[in-house]
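Here are the chains, one letter per residue:
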Amino acid sequence: MNVYSKFSQYYIEMLDEFRGLAADVREYNESHEEIPQELKREYGRHMLIVELLEREGKEKFNKSREELYRDGWEFWFEEDAQLRKKRYGKK
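Scoring rules and cut-offs
- Residues numbered from 1 in each chain as written.
- Predicted model: local features only at pLDDT ≥ 70, side-chain atom pairs only at ≥ 80, totals over all residues.
- Heavy atoms only, no water.
- Helix = DSSP H or I, 4+ residues; strand = E, 2+ residues; numbered from the N terminus.
- Rg over C-alpha atoms; globule rule 2.2 N^0.38 Å.
- Buried < 20%, exposed > 50% of the residue type's maximum accessible area, 1.4 Å probe, protein only.
- Contact = heavy atoms within 4.5 Å.
- Areas by Shrake-Rupley, 256 points an atom, 1.4 Å probe, with all protein chains shown as cover.
- Axes fitted to C-alpha atoms, helices over the stretch in contact; angles between N-to-C directions.
- Left-handed = near helix turned anticlockwise from the far one by under 90°.
- Nonpolar A, V, L, I, M, F, W, Y, C, P; charged D, E, K, R; others polar.
- Salt bridge = Lys/Arg side-chain N within 4 Å of Asp/Glu carboxyl O.

Visitor: Mind showing me how you'd approach the overall build of the protein here?
Guide: Along the backbone of the protein there are 3 helices and 0 strands. Along the chain direction, N to C, the helices and strands of the protein fall in the order α-α-α. Taken against the 2.2 N^0.38 rule, which gives 12 Å for 91 residues, the C-alpha radius of gyration of the protein at 17 Å runs more than 25% over that of a compact globule. If one aligns the C-alpha atoms of the protein with their principal axes, the spans along those axes are about 55 × 35 × 20 Å. A burial count over the protein gives 26% of its 91 residues as buried. Contacts in the protein between residues at least 24 apart in sequence constitute 70% of all its contacts with a sequence separation of at least 6. Element-wise, carbon and sulfur atoms account for 51% of the exposed surface of the protein, whose accessible area totals about 7000 Å².

Right under this line is the structure:
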């Protein structure tokens, strides 16, 4: 697995975590409940991670956030197919 493959897969993992946290924050806002401090911290931390990864993706790999996301999934599916082939053989 090359550096960009690992990077883009990590990006989709962190983006997925961030989206989950964002959904939790929205639920609290919609119900007019106070957002727990731990959730606020995690949300902010993941927002920063995603922003840094997007900046690094642009600077180091010349990739947009959409390209990082698409490539991350393509690498993941490719890796998954290789693992299945190794474990279960060809069909």
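Visitor: Just to check I follow, could you spell out the packing of helix H1 (residues 3-30) against helix H2 (residues 37-61) for this structure?
Guide: In a pair of packed helices, the angle between the axes and the distance between the axes together describe the arrangement. Interhelical geometry of H1 versus H2 gives an angle of 150 degrees and a closest axis separation of 9 Å. Taken as a pair, H1 and H2 cross one another with a handedness that is left-handed. Along the lines of polarity and charge, the residues of the contact of H1 with H2 split into 19 nonpolar, 2 polar and 5 charged.

Visitor: Help me understand the pattern of salt bridges, please; the structure alone is not making it clear to me.
Guide: Pairing between side chains of opposite charge can happen when the charged atoms of each approach one another. A complete count under the given rule lists 6 salt bridges for this structure. Between Asp71 and Arg70 there is a salt bridge; the shortest N-O distance is 3.2 Å. In this structure Asp71 comes out as buried when scored by relative accessible area, which is 7%. Overall, Arg70 belongs to the partly exposed group, its relative accessible area being 42%. If you follow the salt bridges from partner to partner, you end up with Lys63, Arg70, Asp71 and Glu74 in one network.

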